[in-house]
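Structural features, examined
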Amino acid sequence: MKALVYNGPFDVSVQEVPDARVEQPNDALVRITTTNICGSDLHMYEGRTAVEQGKVLGHENMGIVEEVGPGVTRIKVGDRVSVPFNIACGTCRNCREGWTSFCTRTNPTEGMDGAAYGYANMGPYDGGQAEYLRVPFADTNLLRLPPGTEHERDFTMLSDIFPTGWHGTELARQRPGDRVVVFGAGPVGLMAAHSALIRGAAQVFVVDQQADRLALAASIGATPIDFTDADPVEQVLDATDGRGADCGVEAVGYQAHDHTGQEHPELVLDNLIKAVRTTGGIGVVGVYVPEDPDAATEGAKEGRIGFDYGTFFTKGQHMGTGQAPVLRYNRQLRDLIITGRANPSFLVSHELGLDDAPDAYRHFDKRDEGWTKVLLHPGQKAATGS
Ligand code: NAD
Ligand code: ZN
Ligand code: ZN
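Residues numbered from 1 in each chain as written. Chains lettered and ligands numbered in written order. Predicted model: local features only at pLDDT ≥ 70, side-chain atom pairs only at ≥ 80, totals over all residues.

1. A word on the overall build of the protein
Rule in force here: Only DSSP runs of H or I covering at least 4 residues are called helices, and only runs of E covering at least 2 are called strands; the numbering of each starts at the N terminus. Only C-alpha atoms enter the radius of gyration, while the globule expectation follows 2.2 Å times N to the 0.38, with N the number of residues. Exposure classes come from backbone-placed C-beta atoms, where a residue is buried if 20 or more other C-beta atoms lie within 10 Å of its own, exposed if 12 or fewer do, and partly exposed in between.
For the protein, the count of helices and strands is 13 helices and 17 strands. Relative to the 2.2 N^0.38 estimate, which gives 21 Å for 386 residues, the radius of gyration of the protein is 20 Å and therefore close to what a compact globule would have. The dimensions of the protein, computed from C-alpha atoms along their principal axes, are 60 × 40 × 40 Å. Residues classed as buried in the protein amount to 52% of the 386 residues present.

Shown next as structure tokens:
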């Protein structure tokens, strides 16, 4: 089958690889109809992780079940499904408590709980930027979707970024009527803003410097804040009578940078602590890592992010972190899409064939104007033939 393979930093290509197949009794084989490129893929693309050469990337997958193992009873061949990016066993302590993003059984890496498709340190599983994907524990993991092709562009957000954005607001313990500040207007930040509005926020501020992404935030009714205009903290305080937002979401991650592009891994955490009021919550879904040899500060090379913990404590704030447990939210978010209450596809900028993926990685990595979210359809011919 054809798949998008990681060869090394800034080098991915579409190659023939061995077919994905049912390997265990609880596996399903999914024919991919849509798979997205994610900001998380860029951590690997830019060589900022220890991902192995030859890995098939892609953790935002949906498609049609092609085959199931003998142990699969709920999911049937022909079902249209969304595949959560987390690979969960469904029976370990963390899975049973709803933390499928920290499954204790699916990741054999020493000291790591939680597995994912096509991802550094998240187990030996190949990704779905390919024609087919092997899904372990299919009855546990797969979310059934209505048959047909309706809402494909919305449903494809259920594998990761819509639940992840929602999780950010949940970790921040957002309540109806809250004023919410979201740092990062990438796909995850835009989904956090969409979620916050659905959850009844009084106002949502979205901070970034990318004009096209800020325009998308404004298009759904959020208040864009361009951090190149003035200090984003001052802008939020000015708009909230000096008190700050009620809660905030971090949707940037460890490559947070200033307007020149210089990385400051503590910058967004510091800004959130200042821009959120006393006792407010901060949901951190942007990724931070224990090892980052190319980090801008000595501490951050070993995961030590020097943010203003003193002010955080003094303000009595709370923080939640980590990969999102997609299964906890995806069923309800699917139904919000079906009833028309949610339409996460507003951020889609490109729909391409798999052969276009290397080119799309280049554009998305440079945050080129207009490249907000790329969907790949492995069954579709390349648009550019690159
Ligand atoms: P992205 O890289 O496309 O978006 C990040 C945005 O942050 C960019 O638009 C960038 O301009 C902006 N930014 C950079 N520095 C900033 C600053 N100082 N202030 C405000 N904005 C700033 O990525 P994405 O796909 O939106 O993902 C965002 C983060 O979420 C990444 O770290 C990704 O790995 C992570 N993620 C986490 C989960 C999870 O389960 N926790 C799931 C998916 C993605
Ligand atoms: Zn993702
Ligand atoms: Zn588990």
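From this point, the discussion proceeds with the structure in view.
2. Notes on the site of ligand 1
We apply this condition: Throughout this description, a residue near a molecule or strand is one whose C-beta atom, derived from the backbone, lies within 6 Å of it. For this classification, Asp, Glu, Lys and Arg are treated as charged, while Ala, Val, Leu, Ile, Met, Phe, Trp, Tyr, Cys and Pro are nonpolar and the rest, including Gly, are polar. Domain start and stop points were drawn from an automatic or database domain assignment.
Taken together, 33 residues sit near ligand 1, with G39, S40, G184, G186 and G253 positioned nearest. Residue assignment for the shell around ligand 1 shows that the elements contributing at least two residues are helix 1 (39–45), helix 5 (161–171), helix 6 (187–198), strand 11 (203–208) and helix 9 (267–275). Residues of the shell around ligand 1, tallied by class, amount to 16 nonpolar, 13 polar and four charged. Looking at the shell around ligand 1, you find at least three residues from each of domain 1 (2–160 + 325–385) and domain 2 (164–321).

3. Considerations on the sheet that holds strand 15 (residues 318–321)
By definition, the strands of a sheet pair up through backbone hydrogen bonds, in either a parallel or an antiparallel sense. Let me state the cut-off plainly: A pair of strands is treated as paired once DSSP finds two or more bridges between them. Note on geometry: axes are lines fitted to C-alpha atoms, helical ones only across the stretch in contact, with angles between N-to-C directions running from 0 to 180 degrees.
Read across the open sheet, the six strands follow the order 12-11-10-13-14-15; overall the sheet is parallel. For this open sheet the edge positions go to strand 12 (223–226) and strand 15, each flanked by a neighbour on one side alone. The sheet shows a mean angle of 20 degrees between the axes of neighbouring strands, direction not considered. Direction of pairing for strand 10 (residues 179–183) relative to strand 11: parallel, over a ladder of five bridges.

4. Points about the nonpolar core
To keep it simple, the criterion reads: A set of buried Ala, Val, Leu, Ile, Met, Phe, Trp, Tyr and Cys residues, joined to one another through C-beta atoms within 7 Å, is what we call a nonpolar core. Note on contacts: each residue gets a C-beta atom placed from the backbone, and two residues are in contact if those atoms are within 7 Å.
With 114 residues, the main nonpolar core has L4, A28, V30, V181, V182, F205 and V206 as its most contacted residues. Top element by residues in this core is helix 6. It accounts for six residues. Taken domain by domain, the makeup of this core includes at least three residues from each of domain 1 (2–160 + 325–385) and domain 2 (164–321). When residues no more than four places from it in sequence are discounted, the contact partners of V206 are V182, A185, G189, A193, L214, A217, A222, P224 and I225.

5. Section: the domain arrangement of the protein
Taken domain by domain, the protein consists of domain 1 (2–160 + 325–385) and domain 2 (164–321). Summarising the inter-unit geometry, the C-alpha centres of domain 1 and domain 2 are found 26 Å apart. Between domain 1 and domain 2, the residue contacts involve 19 residues of the former and 19 residues of the latter. Within the residue set of the side of domain 1 that touches domain 2, elements represented by two or more residues are helix 1 and helix 12 (330–338). Counting residues per element, the side of domain 1 that touches domain 2 draws most heavily on helix 1, which supplies three residues. Tallied by class, residues from the side of domain 1 that touches domain 2 come to eight nonpolar, five polar and six charged.

6. Thoughts on unusual backbone geometry
One non-glycine residue, N121, lies in the positive phi region at around 65 degrees. Relative to the assigned elements, N121 resides in the loop between strand 7 (115–116) and strand 8 (132–135). With phi around 45 degrees, F137 is a residue other than glycine that occupies positive phi space. Relative to the assigned elements, F137 resides in the loop between strand 8 and helix 3 (138–141).

7. As for the packing of helix 5 against helix 6
Each pair of packed helices gets described by two things: the angle between the helix axes and the distance between those axes. Stated precisely, the cut-off is as follows: Working definition: roughly parallel below 35 degrees, roughly antiparallel above 145 degrees, roughly perpendicular at 65 to 115 degrees, and oblique for all remaining angles. For any pair of crossing helices, the crossing counts as left-handed if the nearer helix is rotated counterclockwise from the farther one by less than a right angle, and right-handed if it is rotated clockwise.
Where helix 5 meets helix 6, the axes come as close as 7 Å, and the angle between the chain directions of the two elements is 60 degrees. The angle between helix 5 and helix 6 places the two elements in the oblique class. Judged by the sense of rotation from one axis to the other, the crossing of helix 5 with helix 6 is right-handed. Where helix 5 approaches helix 6, its residues I161, F162, T164, G165, W166, G168 and T169 are matched on the opposing element by P187, V188, M191, A192, H194, S195 and A196.

8. Side note on the packing of helix 8 (residues 232–239) against helix 9
Direction vectors running N to C along helix 8 and helix 9 enclose 20 degrees, while the axes themselves pass 9 Å from each other. For the element pair helix 8 / helix 9, the angle class is roughly parallel. Read as a crossing pair, helix 8 and helix 9 show a hand that is right-handed. Facing P232, V233, V236 and L237 of helix 8, the residues of helix 9 in contact are N271, K274 and A275.

9. Here we look at helix 13 (residues 357–365)
Test applied: What the arc covers is the set of directions going from the helix axis to the C-beta atoms.
Those residues of helix 13 lying buried are A357, A360, Y361 and F364. An end-on view of helix 13 places all buried positions within 105 degrees of arc, on one side of the element. Check the buried side of helix 13 and you find it contacts strand 1 (2–8), strand 2 (11–16), strand 3 (28–37), helix 1, strand 16 (350–353) and strand 17 (374–377). The positive-phi residue at the C-terminal boundary of helix 13 is R367, with phi of around 50 degrees.

10. Comments concerning helix 7 (residues 211–219)
One full turn of an α-helix is made of 3.6 residues, so residues set three or four places apart face in the same direction. Taken as a whole, helix 7 has its buried residues at R213, L214, L216 and A217. In a view along the axis of helix 7, the buried residues occupy a sector of 155 degrees, so they form one face of it. Relative to its buried face, helix 7 has exposed residues pointing more than 90 degrees away, namely A215 and S219. Among the residues trailing helix 7, G221 stands out with phi positive, at a value near 100 degrees.

11. A word on the pairing of strand 5 (residues 80–83)
Residues in a regular strand project their side chains so that they alternate between the two faces of the sheet. Where burial is concerned, the two faces of strand 5 agree: the one with R80 and S82 and the one with V81 and V83 are both buried. In terms of strand pairing, strand 4 (residues 60–68) meets strand 5 through four bridges, oriented antiparallel. Across the sheet, the residue bridging to G63 is V81, located in strand 5. Bridging between strand 5 and strand 9 (residues 143–145) involves three bridges; their strand directions are antiparallel. Looking at strand 9, one finds that R80 is bridged to L145.

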